[in-house]
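# Structural overview for review
If you want the building blocks of each chain, they are given just below.
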Amino acid sequence: PVIYVITPTHARPQQKAELTRLKNVFLHVPALHWILVEDSEQKTGLVKHFLESGGISFTHLNVPTPKDWKLGENQPVWQKPRGVLQRNAGLDWLRSNFEPPASRAVVYFADDDNTYSTELFQEMRWTKKVSVWPVALVGGVMVERPKVTLSGKVNGWLTGWKPDRAFATDMAGFGINLDLLVNNPEAEFSLDSQKGFMESDFLEKIVKLHELEPKADMCTKVYIWHTRTEKPNMKDEEKLRKEGRPTNRNIEV
Ligand code: UGA
Ligand code: MN
């Protein structure tokens, strides 16, 4: 099966560094197709060059988040959902471009700042409906994970925050057989989901709890970390920019 990875991405000083970390992992994964979706009016040269530099099979898309839904400079991140329209654009592309049989493909939503281990992709490749696994460093705890019974069924969630959500998982905690998405064309992410319910609302549209396939040794191993990158200090750069001599004038960073 092919793994289609959908990644929303947006411009900031460390964007290329994040994308490079991802690419260096994806290069080790066979049969992976990367759908990179820019949050922008236009595709940027930086991302174009990055993808065309080779090694990975890719699709380059873009869709801007409406201004009212963008976070302000100093607004706390939880106030607005991120990557919503970009993931939906990836889903739309897949639904209109997949080559049958869709049952032979898996879809994974990989944000550009997380840390992924190659084992993660081996785990998800044979997903029949929806696979799930632990995600570390998220939701205010070391690890969030599905609760698995002795007979190997998921029957709940071990999280700090709202474990009673129908699907209390981060975006990075599940993979979906493409068949399920093709057969449920209305399943999309919503800007209107209640805070922290985006993943749960989406999964409710396509799967039942007892159908989930626990991976990573019955959800006892961690292969994905929800890392967040520190904002780089640009104090002197801003000064230099105003003086008309940015350090990155003829060099892509
Ligand atoms: C958490 C979850 O891990 C995300 O999957 C979820 O989208 C997010 O919360 C949410 O509630 O919306 P977090 O680390 O706080 O994630 O979010 P970011 O990593 O800042 O953003 C998620 C993705 O959206 C990233 O790939 C990022 O590049 C992209 N993004 C972010 C945009 O496309 N546009 C933006 O303006 C900001
Ligand atoms: Mn993130």
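Residues numbered from 1 in each chain as written. Chains lettered and ligands numbered in written order. Predicted model: local features only at pLDDT ≥ 70, side-chain atom pairs only at ≥ 80, totals over all residues.

## Here we look at the site of ligand 1
Note the cut-off: Near, for a residue, is defined by distance from a backbone-placed C-beta atom to a molecule or strand, with 6 Å as the limit that must not be exceeded. Helix numbering and strand numbering both begin at the N terminus, where a helix is a DSSP run of H or I of at least 4 residues and a strand a DSSP run of E of at least 2. Residue type decides the class: Asp, Glu, Lys and Arg count as charged, Ala, Val, Leu, Ile, Met, Phe, Trp, Tyr, Cys and Pro as nonpolar, and the leftover types, Gly among them, as polar.
Residues in close proximity to ligand 1 total 20 residues, the closest being His10, Asp39, Gly83, Asp111 and Met171. If you tally residues by element for the shell around ligand 1, the top one is strand E1 (residues 2–9), at three residues. Among the residues making up the shell around ligand 1, the classes are represented as five nonpolar, seven polar and eight charged.

## Here's the deal with the sheet that holds strand E3 (residues 57–62)
Just so we agree on the cut-off: By the convention used here, strands pair only if DSSP detects at least 2 bridges between them. Contact criterion: two residues are in contact if their C-beta atoms, reconstructed from the backbone, are within 7 Å. Convention adopted: a line fitted to C-alpha atoms gives each axis, helices being fitted over their contacting stretch, and angles between N-to-C directions are expressed from 0 to 180 degrees.
With mixed pairing, the seven strands of this open sheet are ordered in space as E3-E2-E1-E4-E10-E6-E11. This sheet does not close on itself; its edge strands, each paired only once, are E3 and strand E11 (213–214). Pairing of strand E4 (residues 105–109) with strand E10 (residues 174–177) involves three bridges; the strand directions are antiparallel. Paired with Tyr108 across the bridge in E10 is Gly175. Sheet strands touched by helix H1 (residues 15–26): E1 and strand E2 (32–38). Its angle to E1, the strand with the most contacts, is close to 170°.

## Points about the confidence of the model for the protein chain
The test is simple: pLDDT is a residue-level measure of predictor confidence that goes from 0 to 100.
Predicted confidence across the protein chain gives a mean pLDDT of 96, with 100% of residues reaching 70 or more. Reported confidence for the predicted complex is 0.98 by ipTM and 0.97 by pTM.

## Thoughts on the environment of Leu22
What counts here: Neighbour counting defines burial: a residue surrounded by 20 or more other C-beta atoms within 10 Å of its own C-beta is buried, one with 12 or fewer is exposed, and intermediate counts give partly exposed, using backbone-placed C-beta atoms.
Mapping Leu22 onto the fold places it in helix H1. For Leu22, a count of 22 C-beta atoms within 10 Å puts it in the buried group. The spatial distance from the C-alpha of Leu22 to the C-alpha of Lys129 is 25 Å, given a sequence separation of 107 residues. In this view, Leu22 contacts Thr7, Ala110 and Asp112; residues no more than four positions away in its chain are not counted.

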